[in-house]
Amino acid sequence: MSGASGTVLRLVAALACGALLLACAAPAATSAPQWSATASFERCPWSFGQAGVDVIRERAAWEQLLAQAKPIPASVQVWKPQFDAKQAIVLVRAGMKPSAGFSLQLQAPAAPQAGKALRLPVLQTRPAPGTLQASVVTSPCAIGWLNQPGSASVELIDAQTAQPLPMPFNKP
């Protein structure tokens, strides 16, 4: 190896090592909360007859919720949340609706802001005016397994307007 090419190789190696050290020393980027899984139902297995939101952060509460389901949805029964500080189950219920065609869907969580509630967008759909729908009482709900919830409180927002959903979805 000649002197010039050896110097270039040593320079490249030094730069690569420096870049590696900087990458290791840089603080890890905080990732946004994500849904591990979600499910939506036209007839909620957890129909308590009223609209609302439940944030489950403990295994005992999760097992109690599963026991209350009529029946336990297979898509949810397989979930195995760890219930550490980075996981929670969120159940959103729309309450009783007068016909088919109503639904709730959980959307990608908004980026968290320090000291504020975690904002969870919910897409609400309803039958278009003038359309024929089955005359059956429904109770739509959506449930999700959330990774990295961070904040102790949750605020549901309308996925289309980004405005907070009215009570009883958001409790003080």
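Residues numbered from 1 in each chain as written. Predicted model: local features only at pLDDT ≥ 70, side-chain atom pairs only at ≥ 80, totals over all residues. Heavy atoms only, no water.

### A closer look at the state of the cysteines
Step number 1: What the rule picks out here adds up to one disulfide.
Step number 2: A disulfide bridge connects Cys44 with Cys141, and the sulfur atoms are separated by 2.4 Å. Disulfide Cys44-Cys141: torsion about the S-S bond near 90°, hence right-handed. Separated by 97 residues along the polypeptide, Cys44 in the loop between β1 (34–41) and β2 (51–56) and Cys141 in strand β6 (residues 141–147) bring together distant segments of the chain. Taken as a pair, Cys44 and Cys141 share a single burial class, namely buried. (Disulfide = S-S within 2.5 Å. Helix = DSSP H or I, 4+ residues; strand = E, 2+ residues; numbered from the N terminus. Buried < 20%, exposed > 50% of the residue type's maximum accessible area, 1.4 Å probe, protein only.)

### Re the confidence of the model for the protein chain
Step number 1: Residues with a pLDDT of 70 or more make up 74% of the protein chain, whose mean pLDDT is 78.
Step number 2: When mean pLDDT is compared element by element in the protein chain, strand β4 (residues 103–106) scores highest at 94, while helix α1 (residues 3–25) scores lowest at 44.
Step number 3: Overall, residues 11–29 carries pLDDT values under 50, and its contacts beyond four positions in sequence, including any with other chains, amount to zero contacts. (pLDDT = per-residue confidence, 0-100. Contact = heavy atoms within 4.5 Å.)

### A closer look at the side chain of Asp158
Step number 1: One can find Asp158 in strand β7 (residues 154–158).
Step number 2: From its side chain, Asp158 meets the backbone nitrogen of Thr161 in a polar contact 3.2 Å long.
Step number 3: Asp158 has contacts with Val122, Gln124, Gln163 and Leu165, leaving out every residue within four places of it along the chain. (Polar contact = N/O pair within 3.5 Å; in protein donor to acceptor, adjacent residues only side chain to side chain.)

### Let's talk about unusual backbone geometry
Backbone phi values are negative for most residues with the exception of glycine, while trans is the configuration of most peptide bonds.
Step number 1: Cis geometry is adopted by the peptide bond preceding Pro71, which originates at Lys70 and carries an omega value of -15°.
Step number 2: In this structure, Phe83 takes a positive phi of about 55° despite not being glycine.
Step number 3: Mapped onto the fold, Phe83 is located in the loop between α3 (74–77) and β3 (87–94).
Step number 4: Its identity is not glycine, yet Ala162 carries a phi of approximately 65°, on the positive side.

### A closer look at the nonpolar core
Step number 1: Core analysis: the biggest nonpolar cluster contains 17 residues, and Trp46, Trp62, Val76, Ile89 and Ile143 have the highest contact counts within it.
Step number 2: Apart from residues lying up to four places away in sequence, Trp62 is in contact with Ile56, Val76, Trp79, Pro81, Phe83, Ile89 and Ile143.
Step number 3: With 15 residues, the next largest nonpolar core counts Trp35, Val53, Val90 and Val154 among its residues. (Core = buried A, V, L, I, M, F, W, Y, C linked by side-chain atoms within 4.5 Å.)

### Some points on the sheet that holds β6
Step number 1: One open sheet holds the four strands; their spatial order is β1-β6-β3-β2, and the pairing between them is antiparallel. The open sheet has two free edges, formed respectively by β1 and β2, since each of these has just one partner strand. With strand direction ignored, the average angle separating the axes of adjacent strands in the sheet is 10°.
Step number 2: Direction of pairing for β2 relative to β3: antiparallel, over a ladder of six bridges. Counted as the bridge partner of Gly52 is Arg93 from β3.
Step number 3: Packed onto the sheet, helix α2 (residues 59–68) meets β2, β3 and β6 and runs at close to 135° relative to β2. (Pairing = 2+ DSSP bridges. Axes fitted to C-alpha atoms, helices over the stretch in contact; angles between N-to-C directions.)

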